[in-house]
Amino acid sequence: MDQRVGLLVLLAAGLLCLTLAPVSRAQDLDEAGLDDDVDVEDDLDLGLAGADEGELDGEDVQDDAPSAPKTPPTPKVTYKAPEAMGEHFFAESFDRGTLDGWVVSNAKKEDTDEDIAKYDGKWSVEEMKDSKLPGDQGLVLKSRAKHHAISAQLLRPFTFDTQPLIVQYEVNFQSGIDCGGAYVKLLSQTPDLDLDQFVDKTPYTIMFGPDKCGEDYKLHFIFRHKNPKTGEYEEKHAKKPDSDLRTYYTDKKTHLYTLVLNPDNTFEVLVDQTLVNSGSLLKDMTPPVNPAAEVEDPDDYKPEDWDERPKIQDPDAVKPEDWDEDMDGEWEAPQVPNPACETAPGCGAWKRPMIDNPNYKGKWKPPMIDNPNYQGVWKPRKIPNPAFFEDLHPFRMTAFSAVGLELWSMTSDIFFDNFFITNDRNTAERWATDGWGLKKAAEGAADPGLATQMMNAAEERPWLWVVYVLTVALPLVLIIIFCCTGKKKSAATPAEYKKTDEPQPDVKDEEEEEKAEEADEAEESSPAAEEKSDRDESPAEKDEEEEDEDEEQEGTADEKLEEDVLRRSPRNKKVRRD
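Computed from a predicted structure; not experimentally measured.

Here is what the cut-offs are and how they apply
Residues numbered from 1 in each chain as written. Predicted model: local features only at pLDDT ≥ 70, side-chain atom pairs only at ≥ 80, totals over all residues. Heavy atoms only, no water. Helix = DSSP H or I, 4+ residues; strand = E, 2+ residues; numbered from the N terminus. Buried < 20%, exposed > 50% of the residue type's maximum accessible area, 1.4 Å probe, protein only. Contact = heavy atoms within 4.5 Å. Areas by Shrake-Rupley, 256 points an atom, 1.4 Å probe, with all protein chains shown as cover. Phe/Tyr/Trp six-rings, centres within 6.5 Å; stacked < 30°, edge-to-face > 60°. Salt bridge = Lys/Arg side-chain N within 4 Å of Asp/Glu carboxyl O. Disulfide = S-S within 2.5 Å. 1 Å grid on protein atoms, 1.4 Å probe; cavity = no way out; pocket = protein on both sides within 12 Å on 5 of 7 lines; lining within 4 Å. Points joined across faces, edges and corners; volume = space filled by probe spheres on them. Nonpolar A, V, L, I, M, F, W, Y, C, P; charged D, E, K, R; others polar. Polar contact = N/O pair within 3.5 Å; in protein donor to acceptor, adjacent residues only side chain to side chain. Patch = residues over 30% accessible without salt bridge, like charges linked within 9 Å, V, L, I, M, F, W, Y side chains within 5 Å. pLDDT = per-residue confidence, 0-100. Expected span 1.5 Å × (residues − 1). Bend = angle between axes of the 7 residues up to and from the residue. Core = buried A, V, L, I, M, F, W, Y, C linked by side-chain atoms within 4.5 Å.

Enquirer: When you look at the overall build of the protein in this model, what are you seeing that I'm missing?
Expert: From N to C terminus, the protein includes 14 helices and 23 strands. Looking at the protein as a whole, 32% of its 578 residues are labelled buried. Put simply, 77% of the contacts in the protein that link residues at least 6 apart link residues at least 24 apart. Per element, the accessible surface of the protein, about 39000 Å² overall, is 51% carbon and sulfur.

Enquirer: How do you make sense of the packing of aromatic side chains when you look at a structure like this?
Expert: Two aromatic rings are characterised by how far apart their centres lie and by the angle between their planes. A complete count under the given rule lists 19 aromatic pairs for this structure. Geometrically, the ring pair formed by Phe160 and Phe400 is tilted, given 6.0 Å between the ring centres and 55° between the ring planes. Of the two residues, Phe160 sits in the loop between strand E7 (146-158) and strand E8 (165-173) while Phe400 sits in strand E22 (residues 400-409), which places them 240 residues apart along the sequence. Taking the relative accessible area as the measure of exposure, Phe160 reaches 6% and is therefore buried.

Enquirer: Help me understand the pattern of salt bridges, please; the structure alone is not making it clear to me.
Expert: Proximity of charged atoms lets side chains of opposite charge pair with each other. Summed over all chains, the structure comprises 21 salt bridges. Between Asp130 and Lys132 there is a salt bridge whose closest N-O contact spans 3.0 Å. Here Asp130 falls in the exposed class, since its relative accessible area comes to 55%. Residues participating in the shared-partner salt-bridge network are Glu126, Lys129, Lys142 and Asp413.

Enquirer: Sorry, what's going on with unusual backbone geometry here?
Expert: One can expect most non-glycine residues to show negative phi and most peptide bonds to be in trans. Looking along the chain, the bond that leaves Thr286 and enters Pro287 is cis, with omega of -10°. Examined against the element boundaries, Pro287 turns out to sit in the loop between strand E17 (285-286) and strand E18 (294-296). The phi dihedral of Asn265 is positive, around 70°, even though this residue is not glycine. Relative to the helices and strands, Asn265 is located in the loop between strand E14 (255-261) and strand E15 (266-271). Its identity as a non-glycine residue notwithstanding, Asp272 has a phi of 55°, on the positive side. Positionally, Asp272 belongs in the loop between E15 and strand E16 (274-280).

Enquirer: Just to check I follow, could you spell out the state of the cysteines for this structure?
Expert: Two cysteines form a disulfide when their sulfur atoms are joined by a covalent bond. What the rule picks out here adds up to one disulfide. Between the sulfur atoms of Cys179 and its disulfide partner Cys213 the distance amounts to 2.1 Å. Judged by the sign of its S-S torsion, about -95°, the cystine formed by Cys179 and Cys213 is left-handed. Here Cys179, found in strand E9 (residues 179-181), pairs with Cys213, found in strand E11 (residues 204-213); they are 34 residues apart in sequence, far enough to count as distant.

Enquirer: Explain empty space enclosed by the protein to me, please; I cannot follow it from the model alone.
Expert: Empty space among the atoms becomes apparent when a probe as large as a water molecule is rolled across them. Summed over all chains, the structure comprises two cavities of 30 Å³ or more. Estimated volume of the largest cavity: approximately 40 Å³. For the largest cavity, the full set of lining residues is Met128, Ser131, Lys132, Leu133, Lys439, Ala442 and Glu443. Residue composition of the lining of the largest cavity, by class: three nonpolar, one polar and three charged. Size it by volume and the second largest cavity reaches roughly 30 Å³. The leading source of residues in the lining of the second largest cavity is helix H6 (residues 425-434), at three residues.

Enquirer: So what exactly am I meant to see when it comes to H6 here?
Expert: Quick reminder: α-helices carry 3.6 residues per turn. Residues three or four places apart thus point the same way. Listing the buried residues of H6 in full gives Thr427, Ala428, Trp431, Ala432, Thr433 and Asp434. N-capping of H6 is provided by Asp424, with a side-chain oxygen placed 3.4 Å from the backbone N of Asn426.

Enquirer: Could you clarify how one ought to interpret the side chain of Ser280 in this entry?
Expert: Mapped onto the secondary structure, Ser280 falls in strand E16. Exposure remark for Ser280: the relative accessible area of 15% places this residue in the buried category. For Ser280, the residues in contact, after removing those within four places along its chain, are Asn265, Thr266, Phe267 and Met285.

Enquirer: In this structure, what is going on with a nonpolar patch on the surface? I would like to understand it.
Expert: On the surface, a nonpolar cluster with roughly 510 Å² of combined accessible area is contributed by Val466, Leu470, Leu474, Val477, Leu478 and Ile481. Structurally, Leu474 can be placed in helix H9 (residues 464-484). Look at Leu474 and you get partly exposed, because its relative accessible area is 46%.

Enquirer: Sorry if this is basic, but what is going on with the confidence of the model for the protein here?
Expert: When pLDDT is averaged along the protein, the result is 78, and 67% of the positions lie at 70 or above. Note that pLDDT drops below 50 for residues 19-66; the model gives that stretch 51 contacts with residues more than four away or on any other chain. A low-confidence stretch, residues 571-578 stays under pLDDT 50, and its non-local contacts, those more than four residues away or across chains, total four contacts.

Enquirer: Any chance you could explain H9 here in plain terms?
Expert: Across its 21 residues, H9 extends 30 Å between first and last C-alpha, which sits within 8% of the 30 Å expected from 1.5 Å per residue. Along H9, the largest kink reaches about 25° and is centred on Leu470. Of the positions making up H9, those classed as buried are Leu464, Tyr468, Pro475 and Ile479.

Enquirer: Even after reading the chapter, I still don't get the side chain of Ser93, so can you show me in this structure?
Expert: Secondary-structure assignment places Ser93 in the loop between strand E3 (90-92) and strand E4 (102-104). Of the polar contacts made by the side chain of Ser93, one reaches the side chain of Asp95; its length is 3.0 Å. Ser93 has contacts with Pro82, Gln137, Asp417, Asn418 and Trp431, leaving out every residue within four places of it along the chain.

Enquirer: What's the story with the environment of Lys365 in this structure? I'm lost.
Expert: Within the element layout of this structure, Lys365 appears in the loop between strand E19 (311-313) and strand E20 (368-370). Here the alpha-carbon distance between Lys365 and Ala317, two residues 48 residues apart in the chain, equals 8.8 Å.

Enquirer: I'm lost on the nonpolar core in this one. Help?
Expert: The tendency in soluble globular proteins is for nonpolar side chains to be buried as a group. Leu165, Ile206, Phe221, Leu261, Phe416 and Ile421 are the most contacted members of the largest nonpolar core, which totals 65 residues. Ignoring sequence-local partners within four residues, the contact set of Leu261 consists of Phe160, Pro164, Leu165, Ile206, Phe221, Thr266, Phe267, Leu281, Phe395 and Met397. Formed by six residues, the second largest nonpolar core is a distinct cluster that contains Ile166, Phe420, Ala428 and Trp431.

Enquirer: Sorry, what's going on with the environment of Leu186 here?
Expert: Summarising the element assignment, Leu186 is placed in strand E10 (residues 184-188). Classification of Leu186 as buried rests on a relative accessible area of 2%. Separated by 19 residues in the primary sequence, Leu186 and Thr205 have C-alpha atoms spaced 5.7 Å apart. Residues contacting Leu186, with those up to four places away along its chain left out, are Leu165, Val167, Tyr204, Thr205, Ile206, Phe400, Ala402, Val403 and Ile421.

Here is the structure:
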């Protein structure tokens, strides 16, 4: 029981700490790798610095009045727009507050109902609804259930040669996401590229980013590969990430999506600078980049005498003579009710009821044996693939010259920010630190403690109060029950002492002896007990009294005998004569 009590105490203490202790989730800016020029301001230190001096002079300040305790304010992270340094092809933070350099599509989508064919979804540059960084603006998809398309030219086209490609940008699903995408397209460099007519069929080189519909959480990496023999393009899809992506779509936080393509044909997909998917362009894409060297001959047909049966019935097997196949006896024609017996119970000839045949063995079948003519499962013969080619450098994709968002979403207020395209990983990491790293620090500093989060969750889902109460109260009740109550150990019977090695006591417990002594004293002090003791003497006491009386009688008899002897003595007679 002591072990159980200890476990319950630890459990209750842990639950109380998780339930009531506020957890500070502010993160150290130095550990986040922020630059030295990031300012962190503490409202507590600023105090009256921001107050209007005139208002302070006009107020009556009572020094004697006790000041109310104040909760230390959450540190604020001052926003500073990231600056693109180093080699890059595109950088956009939207901190100018305009869509300068971006082109909103005016096209219509083909093969779609006229009511929804037009790309008339609205875009806006604004801060997040619950921004932790005042002044930080981004591109926001404003409409729901509409087609959206917007794009911008790169500083110069990106050509796949000996340098890697790094693409990264931020997404925040401010209102969650029901069904819709937030992926980016890198538009192929073509002579007829017209951003004003950007649609779903506009050629792109890479499509990358999050997409979700229902419970299907995706993180796309798709590239269009050009067939060197036909010149046609085919989409190649990366394998699905092994990581659980659900949190990135539901926590309403800003997440950084990064794609890295290397000249050695490897790729990496990162979220918040954490690797979630990686592989090879040659091995981990569907369908494969290179087709099979051989294919099945479409003109080959299976011969009519081709035997694909691995087992056949034994042609020499014979049904045993005692094999009983009848379940219920011989078949009889079905019977119809006798109209003459409708009102006469028990009418008709009596028949013995049918029972299951105890000797029934089922329908006899000959046993199966290996087919001596088995030729295997037929397959058409292989021939060289006329469409075969081998591209050992799929990294060398079609150059792209623009970046665009072509989306359909059932949820609005999707926030995009800090697009960056480069061929230098260090430059990309510096941009991420100045942009997303600052957001992460601000969101972490502003996150409420665990207790506040639990309170907010209970306001949305009142049934959580029951969970909280049970979580705290139930362990406490169990501890009280185990600690304050319990069975007293009963005295062991002689039989129990025989079953165990426990030593048997020679005397009664002190408690029992005290009770017995008190009872005896009470009985002796009562008059009734004395009379009763006189009347009801024990047999042992009576025996002792009788023995005393016998001794007295024996003593008296001896004295009489001695006197009688002296009286009869001659000396005594002589004395008398004299």
